[in-house]
Amino acid sequence: MDRQLQHPRRLPPRFLAPYFAAKAAMDALAVSYAAEVLPFGIDTAIVVPGAFTTGTNHFTNAGTPADADRAEVYDQRHRPLMDDLGKRLAALIPPAADVTEVADTVARLVAMAHGTRPLRTHIDPTGLR
């Protein structure tokens, strides 16, 4: 097998490094903000939703590159890998997964008494967290 096509299973899927790095950075920022505002009596809650492949328009309305010619060249080479990623992700999500669970969780957190909210709450339909 071509060496550049090999990929260890314990790493995030290919081509998603910027996405995962951004998620880690946002989490670090949220934790830092929580520590900064706590002395002022401000509660915070970090909500970490898992992948919901239905019930949102995220995948349909995701951005596209401005350089269409370069995107086409990239797409010709990498589309099979990305299509496979989408299929594998969809296979992880139970058919009954409902994105409104995220909104319900946020509403529950907001209704909690001051000082009782957990710092981080995961909502992951796969149960793989």
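In case you missed it, the structure is sitting above this.
Residues numbered from 1 in each chain as written. Predicted model: local features only at pLDDT ≥ 70, side-chain atom pairs only at ≥ 80, totals over all residues. Heavy atoms only, no water.

Participant: Provide a residue-level description of the overall build of the protein chain, including the pertinent values.
Facilitator: What the protein chain contains, in helices and strands, is 3 helices and 2 strands. When the helices and strands of the protein chain are placed in sequence order, the string is α-β-α-α-β. Across the 129 residues that make up the protein chain, the buried fraction comes to 11%. With an accessible surface of roughly 9,900 Å², the protein chain has 60% of that area assigned to carbon and sulfur atoms. (Helix = DSSP H or I, 4+ residues; strand = E, 2+ residues; numbered from the N terminus. Buried < 20%, exposed > 50% of the residue type's maximum accessible area, 1.4 Å probe, protein only. Areas by Shrake-Rupley, 256 points an atom, 1.4 Å probe, with all protein chains shown as cover.)

Participant: Any details on the pattern of salt bridges? Residues and values, ideally.
Facilitator: All told, the structure shown has 3 salt bridges when counted by the stated rule. A salt bridge links Arg117 to Asp43, with the shortest nitrogen-to-oxygen separation between them at 2.6 Å. Residue Arg117 is located in the loop between helix 3 (100-111) and strand 2 (120-123), and its partner Asp43 is located in the loop between helix 1 (17-37) and strand 1 (46-49); the two are separated by 74 residues in the primary sequence. What makes Arg117 partly exposed here is its relative accessible area of 21%. For Asp43, a relative accessible area of 24% translates into the label partly exposed. Asp67 is the partner of Arg70 in a salt bridge, and the nearest nitrogen-oxygen pair spans 3.2 Å. (Salt bridge = Lys/Arg side-chain N within 4 Å of Asp/Glu carboxyl O.)

Participant: Residues and numbers for the environment of Val31, please.
Facilitator: Locating Val31 in the fold gives a position in helix 1. Given a relative accessible area of 30%, Val31 falls into the partly exposed group. Through-space distance from the C-alpha of Val31 to that of Ala45 is 9.1 Å; in sequence the pair is 14 residues apart. Residues in contact with Val31, not counting those within four places in the same chain, are Ile46, Leu119 and Arg120. (Contact = heavy atoms within 4.5 Å.)

Participant: Explain helix 3 residue by residue, including any values.
Facilitator: Its 12 residues place the ends of helix 3 17 Å apart at the C-alpha level, agreeing with the 16 Å of an ideal helix rising 1.5 Å per residue. Looking at the buried residues of helix 3, the elements they touch are strand 1 and strand 2. (Expected span 1.5 Å × (residues − 1).)

Participant: Account for the packing of aromatic side chains, naming residues and giving values.
Facilitator: Considering all chains together, one arrives at 1 aromatic pair under this definition. When the centroid spacing of 5.3 Å and the interplanar angle of 75 degrees are considered together, the rings of Tyr19 and Phe20 count as edge-to-face. (Phe/Tyr/Trp six-rings, centres within 6.5 Å; stacked < 30°, edge-to-face > 60°.)

Participant: Give me the lowdown on the side chain of Thr121, citing residues and values where you can.
Facilitator: Relative to the helices and strands, Thr121 resides in strand 2. When near neighbours in sequence (up to four residues on either side) are disregarded, Thr121 contacts Ile46, Val47, Val48, Thr105, Arg108 and Leu109.

Participant: Tell me what's going on with the pairing of strand 2, and back it up with residues and numbers.
Facilitator: In summary, the side chains of a regular strand alternate between the two faces of the sheet. Burial of the side chains of strand 2 is restricted to one face: Thr121 and Ile123 are buried, whereas none of Arg120 and His122 on the reverse face is. Of the pairings in the sheet, the one linking strand 1 to strand 2 comprises 4 bridges and is parallel in character. Bridge pairing in strand 2 places Ile46 opposite Arg120. (Pairing = 2+ DSSP bridges.)

Participant: Report on a nonpolar patch on the surface, specifying residues and quantitative values.
Facilitator: A cluster of nonpolar side chains, Met26, Leu29 and Tyr33, forms an exposed patch at the surface whose accessible area comes to about 310 Å². With respect to the secondary-structure elements, Met26 resides in helix 1. Judged by relative accessible area, Met26 falls into the exposed class, the value being 54%. (Patch = residues over 30% accessible without salt bridge, like charges linked within 9 Å, V, L, I, M, F, W, Y side chains within 5 Å.)

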